[in-house]
Amino acid sequence: MALIVTKFGGTSVADVARIENAADKVLRETKAGHKVVVVVSAMSGMTNQLIGYCEAISNIYDLREYDAVVSSGEQITAGLMALALQKRGVMARSWLGWQIPFRTDNTHGRARIEGIETAELHKRLDEGEVAVVPGFQGVTSRNRISTLGRGGSDTSAVALAAALKADRCDIYTDVNGVYTADPRIVPQARKLNKISYEEMMEMASLGAKVLQTRSVEISMRHGVALQVLSSFDDHIGSDLPGTLVVNEEEIMEQEVVSGIAHSRDEAKITLLRVKDQPGVAAQVFTPMAEAAINVDMIVQNIAADGQTTDMTFTVGKADLARALETLEKAAIECAEIRCDSNVAKVSVVGIGMKSHSGVANKMFSALAAKGINIQVISTSEIKVSVLIQEEYVELAVRALHAAYGLADVA
Ligand code: ADP
Ligand code: ASP
Ligand code: MG
């Protein structure tokens, strides 16, 4: 008998029929003798709709109220899932984030989980009850509802699995595993049976939204056995049909490059002719950090005149307006601030890069062969990322997938 946290994403609970399909899977797991906690997302499209309502009122809004609005989608699914389970004779009840509670910090809109109280859940699970928990939401120390950032239900599920010391966390979605690239863009993409936590974390943070990055971070830190699988086929998680996210040592044949990730959620900001002197970077990036704006790729040119230089960096598209506002307030001395949201980031990821050279070179050559201009480059031990014009992103991903022979690996 295992304790399993199963999470169903938006498309897997998109309507009542799909919620019933998901409930059937939960029923099968309980019939196999497992204890099950179900974490649900909002029905697909609902979170976007709720965000749209907030934006219709104002472009820059109170994130506490944003959280009150956007967390509501998951509440609906949780209640419906509990009803669908009850209809199947499964003892089930829904729990809202504050009822458990899922305690988070006060960073509204992208809060981090600080702790989850599990005593009552354990007691109910022991009594044979299935707990249905809305993903994405928590409660702050100031007793306000918080949300965990887009895709945050993955993190709710993994954090709950860690807190409950569950045997496995199954992430049901609309693809049957993690692929070498987004299968919607690269039809030849290959499903991976296993991927290391480290690579999955890079893939996720670089745009492979199949798992939220924080969820992979937490599963790695707590050793949660994590599986990505489809809710649209006949399998259940206990058949282990999906991709398992595992420790590096568990992967026998390590490829140099495991996957290509891309993200359209990028915006580029350039400060023209900032002073080339100590402290300028801190002047720019401290207010960004204080405003909880994630800055990603950064380049600073060498000052041609020895006095001023250009500084370029990227932020998430959703943060662009706030980033510009923050820079304006910081009153940094520069000739001009330019921004461009017509950019995308493409990355190659692989643990094998630690011990192989030539990966970046192959990337640059493959992009050059397609006439794609590289605007910014950033690297880490296991990835190389480039910023390109957004319209070339699909072409770039396909070209790189082919260049590294990812479709053909046995
Ligand atoms: P859910 O609503 O279930 O949380 P998401 O839409 O957040 O699902 O994530 C699943 C999607 O992630 C897939 O439909 C797929 O298009 C996308 N995706 C991006 N990169 C990958 C990848 N490398 N492997 C699998 N899916 C990927
Ligand atoms: N509903 C939220 C979103 O769309 C959380 C999630 O589905 O993971 O981002
Ligand atoms: Mg998701």
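A brief look at the structure comes next. Note that the structure is predicted; figures quoted are calculated from it, not measured.

Conventions adopted
Residues numbered from 1 in each chain as written. Chains lettered and ligands numbered in written order. Predicted model: local features only at pLDDT ≥ 70, side-chain atom pairs only at ≥ 80, totals over all residues. Heavy atoms only, no water. Helix = DSSP H or I, 4+ residues; strand = E, 2+ residues; numbered from the N terminus. Rg over C-alpha atoms; globule rule 2.2 N^0.38 Å. Buried < 20%, exposed > 50% of the residue type's maximum accessible area, 1.4 Å probe, protein only. Contact = heavy atoms within 4.5 Å. Areas by Shrake-Rupley, 256 points an atom, 1.4 Å probe, with all protein chains shown as cover. Lys, Arg positive; Asp, Glu negative; His and termini not counted. Charge placed at Lys NZ, Arg CZ, Asp CG, Glu CD. Phe/Tyr/Trp six-rings, centres within 6.5 Å; stacked < 30°, edge-to-face > 60°. Lys NZ or Arg CZ within 6 Å of the ring centre and 35° of its normal. Disulfide = S-S within 2.5 Å. Pairing = 2+ DSSP bridges. Axes fitted to C-alpha atoms, helices over the stretch in contact; angles between N-to-C directions. Parallel < 35°, antiparallel > 145°, perpendicular 65-115°, else oblique. Left-handed = near helix turned anticlockwise from the far one by under 90°. Nonpolar A, V, L, I, M, F, W, Y, C, P; charged D, E, K, R; others polar. Near = heavy atom within 4 Å. Polar contact = N/O pair within 3.5 Å; in protein donor to acceptor, adjacent residues only side chain to side chain.

1. A short note on the overall build of the protein
A tally of helices and strands in the protein yields 12 helices and 18 strands. The C-alpha radius of gyration of the protein comes to 22 Å, within 12% of the 22 Å expected for a compact globule of 410 residues. In terms of overall dimensions, the protein has a C-alpha envelope of 75 × 50 × 30 Å along the principal axes. Here the protein holds 410 residues, and 51% of them are scored as buried. Pairs at least 24 apart in sequence give 76% of the contacts found in the protein among residues at least 6 apart. Within the structure as shown, the protein displays about 18200 Å² of accessible surface, and the carbon and sulfur contribution to it stands at 49%. Averaging the coordinates of the 41 positive side-chain charges in the protein and doing the same for the 51 negative ones gives two points 3 Å apart.

2. Structural notes on the packing of aromatic side chains
In this structure the tally under the stated criterion is three aromatic pairs. Taking the centre distance of 4.6 Å and the plane angle of 10° together, the rings of Phe 8 and Tyr 172 count as stacked. Pair noted here: Phe 8 is in strand β1 (residues 3-8) and Tyr 172 is in strand β9 (residues 168-173), with a separation of 164 residues, a long-range link. In this structure, Phe 8 and Tyr 172 share a single accessibility class: buried. Seen from their ring centres, Phe 285 and Phe 313 are 5.0 Å apart, and the 75° between their planes marks the pair as edge-to-face. In this pair, Phe 285 is assigned in helix α9 (residues 280-290) and Phe 313 in strand β15 (residues 308-315), connecting sequence segments 28 residues apart. Directly above the aromatic system of Trp 95 lies the positively charged group of Arg 93, at a separation of 3.7 Å from the ring centroid.

3. Digging into the state of the cysteines
A complete count under the given rule lists zero disulfides for this structure. The closest cysteine sulfur to the non-disulfide-bonded Cys 339 is located on Cys 334, 13 Å from its own sulfur.

4. Observations concerning the environment of Ile 298
On the secondary structure map, Ile 298 appears in strand β14 (residues 295-300). A relative accessible area of 44% places Ile 298 in the partly exposed class. Considering only alpha carbons, one finds Ile 298 and Lys 268, 30 residues apart in sequence, at a separation of 9.6 Å.

5. Observations concerning the sheet that holds strand β5 (residues 113-116)
Spatially, the four strands line up as an open sheet ordered β5-β4-β7-β8, and their pairing is mixed. Bordering the open sheet on either side are β5 and β8 (145-147), each of which pairs with just one other strand. This sheet shows a mean twist of 45° between the axes of neighbouring strands, independent of strand direction. Both strand β4 (residues 102-104) and strand β7 (residues 137-140) contribute to a ladder of two bridges, which runs parallel. Looking across to β7, one finds that Thr 104 is bridged to Thr 140.

6. Looking at the packing of helix α6 (residues 153-164) against helix α8 (residues 213-222)
Running from N to C, α6 and α8 cross one another at 15°; their axes reach a closest spacing of 8 Å. Classified by the angle their axes make, α6 and α8 are roughly parallel. Along this stretch, α6 crosses α8, giving a crossing that reads as left-handed. Along the contact surface, α6 presents Asp 154, Thr 155, Val 158, Ala 159 and Ala 162, while α8 presents Arg 214, Ser 215, Ile 218, Ser 219 and His 222. Residues of the contact of α6 with α8, tallied by class, amount to four nonpolar, four polar and two charged.

7. A closer look at the site of ligand 2
As a structural note, the neighbourhood of ligand 2 is formed by Ser 41, Ala 42, Thr 47, Glu 74, Phe 136, Arg 150, Gly 151, Gly 152 and Ser 153. Measuring from a nitrogen atom of ligand 2, one finds a side-chain N or O atom of Glu 74 at 2.6 Å. Contact between ligand 2 and Ser 153: an oxygen atom at 3.0 Å from a main-chain N or O atom of the residue. Burial of ligand 2 by the surrounding chains reaches 87%, relative to a free accessible area of 260 Å². Taken together, the residues of the shell around ligand 2 sort by class into two nonpolar, five polar and two charged.

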